[in-house]
Amino acid sequence: QVRLVESGGGLVQAGGSLRLSCAASGSIFSPNTMAWYRQAPGKQRELVAIITSGGMTNYADFVKGRFTISNDNAKSTLYLQMNSLKPEDTAVYYCNVVTLRVPARTYWGQGMQVTVAS
């Protein structure tokens, strides 16, 4: 069983930066994807950024050039560096892992609040 624990959220002024972390415990088999999602009040959960076990990354258009996803396999930790934050980035951010080996499994962190003040 994989457990994901997020940290690093909080309150920041517009234009500021935060780094989110997601520490994974348990065995995460390759191939897999690790991702950050977010959900703002009254909106659906949306993909922010994703990284594959092969190192490929992809970003939602609304964060391109501002956010960077990375992982440290030795520490089993996923990161999201968020720069030039905007009030519209305010949301609950979730860590997500999908293991692609059959049977595929999906794991979610508990979510943490990021608030960007204008």
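Only a predicted model underlies this, so the values are computations on that prediction, with no experimental measurement involved.

Scoring rules and cut-offs
- Residues numbered from 1 in each chain as written.
- Predicted model: local features only at pLDDT ≥ 70, side-chain atom pairs only at ≥ 80, totals over all residues.
- Heavy atoms only, no water.
- Salt bridge = Lys/Arg side-chain N within 4 Å of Asp/Glu carboxyl O.
- Buried < 20%, exposed > 50% of the residue type's maximum accessible area, 1.4 Å probe, protein only.
- Pairing = 2+ DSSP bridges.
- Helix = DSSP H or I, 4+ residues; strand = E, 2+ residues; numbered from the N terminus.
- Axes fitted to C-alpha atoms, helices over the stretch in contact; angles between N-to-C directions.
- Phe/Tyr/Trp six-rings, centres within 6.5 Å; stacked < 30°, edge-to-face > 60°.

S.K.: Account for the pattern of salt bridges, naming residues and giving values.
M.R.: One pass over the structure, following the stated rule, counts four salt bridges. In this structure, Arg38 engages Glu46 in a salt bridge whose closest nitrogen and oxygen atoms are separated by 2.9 Å. Assessed through its relative accessible area of 6%, Arg38 is described here as buried. Residues participating in the shared-partner salt-bridge network are Arg38, Glu46, Arg66 and Asp89.

S.K.: With reference to specific residues and values, describe the sheet that holds strand E8 (residues 77-82).
M.R.: Pairing in this open sheet of four strands is antiparallel, and the strands run E1-E3-E8-E7 from one edge to the other. Every interior strand has two partners, whereas the edge strands, strand E1 (3-7) and strand E7 (67-72), have only one. Put simply, the sheet's adjacent strands are angled 15 degrees from each other on average, direction ignored. In this structure, E1 lies alongside strand E3 (residues 18-25), joined through five bridges in antiparallel fashion. Bridge pairing in E3 links Arg3 to Ser25.

S.K.: Residues and numbers for the pairing of E3, please.
M.R.: Of the pairings in the sheet, the one linking E3 to E8 comprises six bridges and is antiparallel in character. Bridging from a neighbouring strand, Leu20 pairs with Leu80 of E8.

S.K.: Outline the packing of aromatic side chains, listing residues and values.
M.R.: Under the criterion given, the structure shown has two aromatic pairs. Relative to Trp108, the ring of Tyr37 has its centre 5.0 Å away and its plane inclined at 65 degrees; by these criteria the two rings are edge-to-face. In this pair, Tyr37 is assigned in strand E4 (residues 32-39) and Trp108 in strand E10 (residues 105-108), connecting sequence segments 71 residues apart. For Trp108, a relative accessible area of 37% translates into the label partly exposed. Here the aromatic cluster, defined as three or more aromatic residues joined through ring pairs, consists of Tyr37, Tyr94 and Trp108.

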